[in-house]
Amino acid sequence: MPGVEPTWGTPHPAFPRNQIAGVIPSAFCFSLLDVDPTSCENRLPHLECQISPFSRPLGLVKGRYPLHSVAELHRATFKFDPADEEKRKKLCEGIFEFLEKDITTSCQVTCLEALRILSRDKKVLVPVTTKENMQILMRLAKLDDSEASLEEVSHFPVIVESLKCLCNIVFNSQMAQKLSLELNLAAMLCNLLRKCKDQRVISDIKCFDLRLLFLLSLLHTDIRSQLRYELQGLPLLTQALESAFSIKWTDEYEAAIDHNGPPLSPQETDCAIEALKALFNVTVDSWNVHSESDSHQFRVMAAVLRHCLLTMGPTEDKTEELHSNAVNLLSNVPVSCLDVLISPLAQDEIAQEATTLDESTQEAETGQDETREDDANLKYNTMVYNGMNMEAIRVLLDFMEKRIDKGSCYREGLTPVLSLLTECSRAHRNIRKFIKDQVLPPLRDVTNRPEVGTTVRNKLVRLMTHVDLGVKQIAAEFLFVLCKERVDSLLKYTGYGNAAGLLAARGLLAGGRGDHWYSDDEDTDTEEYKSAKPNINLITGHLEEPMPNPIDEMTEEQKEYEAMKLVNMLDKLSREEVIKPMGVRPDGTMAPLEETLCQYHVTKENSSDSD
């Protein structure tokens, strides 16, 4: 992918780098030779171009070529020669003049394909991005106030290419961004999206309509507000997402899931991804729900996102991209509405679960071969907890582990899903208990350090000392919430050394628990852990063999000498500001040692006075 390709400034749903209407490398230039609209009947336009001599490595020679040939040859062109900038500007102007004429559909498509390639050059767009030219493209894209439905299938390629051109122009031109506000482009796009709602044959139109809405809402905060409140963008975009999945509702907030159904088609996946990104921008400030209608709409959206998490794309990469955007959007959903991610099991599912467990027990007792259906049974049982269907949460956990295993881009790729799981666990007891059962199962083997190993717990504990402050904070917070914000429980699973950063930030170095309230059900330790607990090193969090005490064989004079030697060494390091001795205040926070000792004496005196 070329280095000049646009990048995005948001850490959450990044706009895919390969999706601005085609992007490409090598250079070419155009010169307008002749424009003859009258000769276009049943033929392609006689707009021609001069190919520069530097294109010869591509197998071309200097000469005249029809416009449609140039569009084919330069589909993969992204860099442009600055020396031919004026020629490209003239060609752009000629194309817009040509598009104003009454020409055939094939001529329009050819002109728009060439314009799409040229619109990748920001400098070329400066003089040609005018209100009149924007209106030409909007007219060709059927972005108008008319209520006519989209029936002429022959016009669909023109609409798609016009939308692609608008995507490139709006992204690359600040003037086009200002004109989009003046021309009320967002409202026109919403109108076109409503026309597409019930027609599956025009998914390309819907896809680029959604992409342009995403771009506008990314570049203009005013358009986000307009989409959310004035244009009713939240239900409209949710319907577009629902349409991409062909959802059939079985309950108010529950969609039918066909686990044996085919994966989404590439077009359906692209439409869903564009809708997810547009919805993210529209809902980016939606932490609190203030009305019942808003709550209902967010619950519907969360139910659609649950369906999304349980849906597969045409490829593994597309599935990951789809789920990544779903995670980003779920992070914007008010936490009170995330309970729809889990659902009660139906009676037949409860009976199936009981039968599955009984069969597994019988096989274990009789010593039969358990390989027959063990994998399927285990998969089913790990998605059911306390009579609730946890499939979506299981997908989120698998997604999280996959992102950890990648070992890079943790801030953009991992923190959204960790943050989402943390908030779900804090607000919903069943979700927290299920996740803890998967991530922090009862301890049995404590011979290894908590950060050593391949389990999810081991991987998360390693992140608690990551160099990226944001990553280690959210990883530690996630484990802390799973432990019901109890310091003793956290230390059991992580060791004091790994948890010190979180405890210092929370003012809990002296122990205690966080501010959030959790149920009082107690964790039960295994017999293996209870027997090993006296010998567990609290700092490292693992079992250590008793070590001989080196001062046991020293005389009192030797002990005093070694103690004073240590004091003098620490004093020297402190005076030279190599280290700074710290202490813990009564409130559990850290402070310079002198300050904490002073506070300790004041507290002790006050306590004596009160007695």
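Structural data are supplied above this passage.
Notes on the structure in this doc start here.

Definitions and limits used
Residues numbered from 1 in each chain as written. Predicted model: local features only at pLDDT ≥ 70, side-chain atom pairs only at ≥ 80, totals over all residues. Heavy atoms only, no water. Helix = DSSP H or I, 4+ residues; strand = E, 2+ residues; numbered from the N terminus. Buried < 20%, exposed > 50% of the residue type's maximum accessible area, 1.4 Å probe, protein only. Contact = heavy atoms within 4.5 Å. Areas by Shrake-Rupley, 256 points an atom, 1.4 Å probe, with all protein chains shown as cover. Arc of directions from axis to C-beta. Axes fitted to C-alpha atoms, helices over the stretch in contact; angles between N-to-C directions. Parallel < 35°, antiparallel > 145°, perpendicular 65-115°, else oblique. Left-handed = near helix turned anticlockwise from the far one by under 90°. Nonpolar A, V, L, I, M, F, W, Y, C, P; charged D, E, K, R; others polar. Pairing = 2+ DSSP bridges. Patch = residues over 30% accessible without salt bridge, like charges linked within 9 Å, V, L, I, M, F, W, Y side chains within 5 Å. Salt bridge = Lys/Arg side-chain N within 4 Å of Asp/Glu carboxyl O. Lys, Arg positive; Asp, Glu negative; His and termini not counted. Charge placed at Lys NZ, Arg CZ, Asp CG, Glu CD. Core = buried A, V, L, I, M, F, W, Y, C linked by side-chain atoms within 4.5 Å. Phe/Tyr/Trp six-rings, centres within 6.5 Å; stacked < 30°, edge-to-face > 60°. Lys NZ or Arg CZ within 6 Å of the ring centre and 35° of its normal.

### As for the overall build of the protein
Turning to step 1, where the next piece is worked out: A tally of regular secondary structure across the protein gives 27 helices and eleven strands.
Turning to step 2, where the next piece is worked out: Put simply, the protein has 611 residues, and 48% of those count as buried.
Turning to step 3, where the next piece is worked out: When contacts within the protein are restricted to residue pairs at least 6 apart in sequence, long-range pairs at least 24 apart make up 72% of them.
Turning to step 4, where the next piece is worked out: In the structure as shown, the protein presents an accessible area of about 30,900 Å², 51% of it carried by carbon and sulfur atoms.

### A word on helix H7 (residues 174-182)
Turning to step 1, where the next piece is worked out: Taken residue by residue, H7 has Ala176, Gln177, Leu179 and Ser180 as its buried positions. Considered in projection along H7, the buried side chains sweep an arc of 165 degrees and stay on one side of the axis. Turned more than 90 degrees off the buried face of H7, the exposed positions are Gln174, Lys178 and Glu182.
Turning to step 2, where the next piece is worked out: Contacts from the buried residues of H7 go to helix H5 (131-140), helix H6 (156-172), helix H8 (185-196) and helix H9 (203-219).

### Let's talk about H5
Turning to step 1, where the next piece is worked out: Restricting attention to buried positions, one finds in H5 the residues Asn133, Met134, Ile136, Leu137, Met138 and Leu140.
Turning to step 2, where the next piece is worked out: Each element contacted by the buried residues of H5 is listed here: helix H2 (85-99), helix H3 (105-118), helix H4 (122-128), H6, H7 and H8.
Turning to step 3, where the next piece is worked out: Backbone geometry just downstream of H5 places Lys142 in the positive-phi region, at approximately 60 degrees.

### A word on the packing of helix H14 (residues 316-330) against helix H19 (residues 415-427)
Turning to step 1, where the next piece is worked out: For the pair H14 and H19, interaxial distance at closest approach is 9 Å and the crossing angle is 50 degrees. Put simply, H14 runs oblique to H19. As H14 packs across H19, the resulting crossing turns out to be left-handed. Counting all contacts with H14, which are made through Val327, Asn328 and Leu330, the residues of H19 involved are Pro416, Val417 and Leu420.
Turning to step 2, where the next piece is worked out: Of the residues assigned to the contact of H14 with H19, the class counts are five nonpolar, one polar and no charged.

### Some remarks on the sheet that holds strand E6 (residues 384-385)
Turning to step 1, where the next piece is worked out: Ordered by their spatial adjacency, three strands build an open sheet running E5-E7-E6, and the pairing between neighbours is antiparallel. Each end of this open sheet is capped by a strand with a single partner; those strands are strand E5 (343-344) and E6.
Turning to step 2, where the next piece is worked out: Inspection of the sheet shows E5 paired to strand E7 (residues 388-389) by two bridges, in the antiparallel sense. The partner of Ser343 across the bridge, within E7, is Asn389.

### As for a negative patch on the surface
Turning to step 1, where the next piece is worked out: A contiguous patch of negative charge, built from Glu93, Glu97, Glu100 and Glu132, is present on the exposed surface.
Turning to step 2, where the next piece is worked out: Mapped onto the fold, Glu93 is located in helix H2.

### Comments concerning the side chain of Ser217
Turning to step 1, where the next piece is worked out: Within the secondary structure, Ser217 is located in helix H9.
Turning to step 2, where the next piece is worked out: Given the relative accessible area of 0%, Ser217 is considered buried.
Turning to step 3, where the next piece is worked out: Ignoring anything within four residues of it in the chain, the contact list for Ser217 reads Ile223, Arg224, Leu227, Ala278 and Asn281.

### Let's talk about the nonpolar core
Turning to step 1, where the next piece is worked out: Core analysis: the biggest nonpolar cluster contains 150 residues, and Leu143, Leu163, Ile205, Met400, Ile435 and Leu460 have the highest contact counts within it.
Turning to step 2, where the next piece is worked out: The biggest single contributor to this core is H6, with eleven residues.
Turning to step 3, where the next piece is worked out: Filtering out sequence-adjacent residues up to four positions away, Leu163 remains in contact with Ala141, Leu143, Leu189, Leu192, Ile205, Phe208, Asp209 and Leu212.

### Side note on the packing of aromatic side chains
Turning to step 1, where the next piece is worked out: A complete count under the given rule lists one aromatic pair for this structure.
Turning to step 2, where the next piece is worked out: Judged by centre distance (6.2 Å) and plane angle (65 degrees), the rings of Tyr385 and Phe434 are edge-to-face. In this pair, Tyr385 sits in strand E6 while Phe434 sits in helix H20 (residues 429-439), placing the two residues 49 residues apart along the sequence.
Turning to step 3, where the next piece is worked out: For Phe434, a relative accessible area of 1% gives the class buried.
Turning to step 4, where the next piece is worked out: Here the basic side chain of Lys277 rests over the ring of Phe214, its NZ or CZ set 5.0 Å away from the ring centre.
Turning to step 5, where the next piece is worked out: Taking the ring centre of Tyr529 as reference, the NZ or CZ of Lys492 above it sits at 5.5 Å.

### Some details on the pattern of salt bridges
Where charged atoms of side chains with opposite charge meet at close range, the side chains can pair.
Turning to step 1, where the next piece is worked out: According to the stated counting rule, one finds 29 salt bridges in the structure shown.
Turning to step 2, where the next piece is worked out: Across the pair Lys87 and Asp84 runs a salt bridge whose closest N-O atoms are separated by 3.7 Å.
Turning to step 3, where the next piece is worked out: Since its relative accessible area comes to 8%, Asp84 is described here as buried.
Turning to step 4, where the next piece is worked out: Put simply, Lys559 and Glu556 hold a salt bridge, and the shortest N to O gap is 3.8 Å. Pair noted here: Lys559 and Glu556 are both in helix H26 (residues 556-575), with a separation of three residues, about one helical turn.
Turning to step 5, where the next piece is worked out: Ionic contacts of the salt-bridge type, sharing partners, join the residues Glu423, Arg426, Glu477, Glu485 and Arg506 into one network.

### Quick notes on the environment of Leu309
Turning to step 1, where the next piece is worked out: Here Leu309 is to be found in helix H13 (residues 292-309).
Turning to step 2, where the next piece is worked out: Exposure remark for Leu309: the relative accessible area of 2% places this residue in the buried category.
Turning to step 3, where the next piece is worked out: Between the C-alpha atoms of Leu309 and Arg394, which are 85 residues apart in sequence, the distance is 9.7 Å.
Turning to step 4, where the next piece is worked out: Residues in contact with Leu309, not counting those within four places in the same chain, are His323, Ala326, Leu330, Ala392, Val395 and Leu396.

### Quick word on unusual backbone geometry
Turning to step 1, where the next piece is worked out: The phi dihedral of Ser246 falls on the positive side, at around 50 degrees, and the residue is not glycine.
Turning to step 2, where the next piece is worked out: Mapping Ser246 onto the fold places it in the loop between helix H11 (233-245) and strand E3 (249-251).
Turning to step 3, where the next piece is worked out: Residue classification places Ser246 among the partly exposed positions, given a relative accessible area of 39%.

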